[in-house]
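Descriptive analysis of the structure
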Amino acid sequence: MHSHNKYWFFFQCILMVKKILLVITIPVTVFSCHSGRQSALAQTIAVHKLEGRKQEPQVIASTRFSFVQPTDSTRFVLTVISEKEFASSETTYQDKIKRDTNRFKIINGEIRLPLATGKSFVVKNNLSKDDNFLEYKYIGYLPDIDKYIMECTGYEWYEYFTVDKQTGDTAIFFEKPQISPLNGKLACVYYDMYQTELPMIQISTYKLTAKQISGYDTTYIAISDQKYPLACTLIWENELSMLIKLSFESNSSEYLRLKMRR
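My aim in this report is to walk through the structure given alongside it, one point at a time. Once a new chain begins, its residue numbering starts again from 1 and follows that chain's sequence as written. Reporting of local features is limited, given that this is a predicted model, to residues whose pLDDT is at least 70; pairs of side-chain atoms are given and counted only at 80 or more, and all residues count toward the totals for whole chains, interfaces and linings. Think of the side-chain values as coming from all heavy atoms in the structure, minus any hydrogens and water.

Overview of the sheet that holds strand E16 (residues 241-247)
Paired strands, as defined in this entry, are two strands with at least two bridges between them according to DSSP. Numbering of helices and strands starts at the N terminus; helices are DSSP runs of H or I of at least 4 residues and strands are runs of E of at least 2. Overall, antiparallel pairing links the four strands, which are arranged E4-E17-E16-E15 in an open sheet. Because the sheet does not close on itself, it has two edges, and the strands there are strand E4 (76-81) and strand E15 (231-238). For this sheet the average axis-to-axis angle between neighbouring strands, irrespective of direction, equals 20°. Where E16 and strand E17 (residues 253-260) come together, seven bridges link them in antiparallel fashion. Opposite Ser 247, over in E17, you have Ser 253 as the bridge partner. Only the stretch in contact is used when a helix axis is fitted, and all axes are lines through C-alpha atoms; the angle between N-to-C directions ranges over 0 to 180 degrees.

Following this line, the structure appears as structure tokens:
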């Protein structure tokens, strides 16, 4: 089947259904201060609902990018930008992660993060060569929202999570989150070339209220020519606009602006 036909077959399977309710939940897992990661989900911080409609994808004129959910075009404006525009914003962009990676050493396979309660948030590596493999890395500290940020690598998967310095509560992310200039939002970009027939990227945005995550939203952008990105980079241009760099084979890149409608 040609890639063009596969592309439209993919959307017809989704969009010809009159009412599809896609409920996306982002779990927040509370970690024990002493026993490491717990399997039970402590709470769901947000539920976002999207209703599929019989519409064609919102394709950007003369480009190969489109919203998977047509209703996203009512919430965002998606445009292709130049490498120069991205580079200009990247030069002035402030990464808000304090990368004090040497602050907490791995001792006996454990990383201990001190909390305001006087206790410690503890994770323990399991470097076995099977499905139980777990390796934790301390990435840094987010002073604007008073949270540590960690990376967890498992057997053929990985994730990032934040740890509230006051309470030890955690929030999980597909990729490393980036905070907006005025600290009102948080976002990350993710792609998985093995999970979808059509190349697409996922942009997750979160509202921040009093340094806490208070809402969640997600947007999917499809790439029509079956070219999967090798890497994605997200930076904030301003409080309402994100810039995304998509890196492909042969050292080629393309750049997008995703701007929120007020």
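Now that the structure has been shown, the text picks up again.
Observations concerning the side chain of Ser 204
Within the secondary structure, Ser 204 is located in strand E13 (residues 200-209). Type-normalised accessible area, obtained with a 1.4 Å probe on protein chains alone, sets the label of each residue: buried when under 20%, exposed when over 50%, and partly exposed for intermediate values. For Ser 204, a relative accessible area of 1% puts it in the buried group. The term polar contact refers here to a pair of N or O atoms within 3.5 Å; inside protein, the definition further demands a hydrogen-donor-capable atom paired with an acceptor-capable atom, and it admits residues adjacent in sequence only when both atoms are side-chain atoms. A polar atom in the side chain of Ser 204 sits 3.0 Å from the side chain of Gln 202.

Observations regarding the environment of Phe 133
With respect to the secondary-structure elements, Phe 133 resides in the loop between strand E6 (120-124) and strand E7 (135-142). Separated by 22 residues in the primary sequence, Phe 133 and Tyr 155 place their C-alpha atoms 5.5 Å from one another. Leaving out residues up to four positions away in the same chain, Phe 133 has contacts with Asn 126, Leu 127, Ser 128, Thr 153, Gly 154 and Tyr 155. Here, residues are in contact when the closest pair of their heavy atoms is within 4.5 Å.

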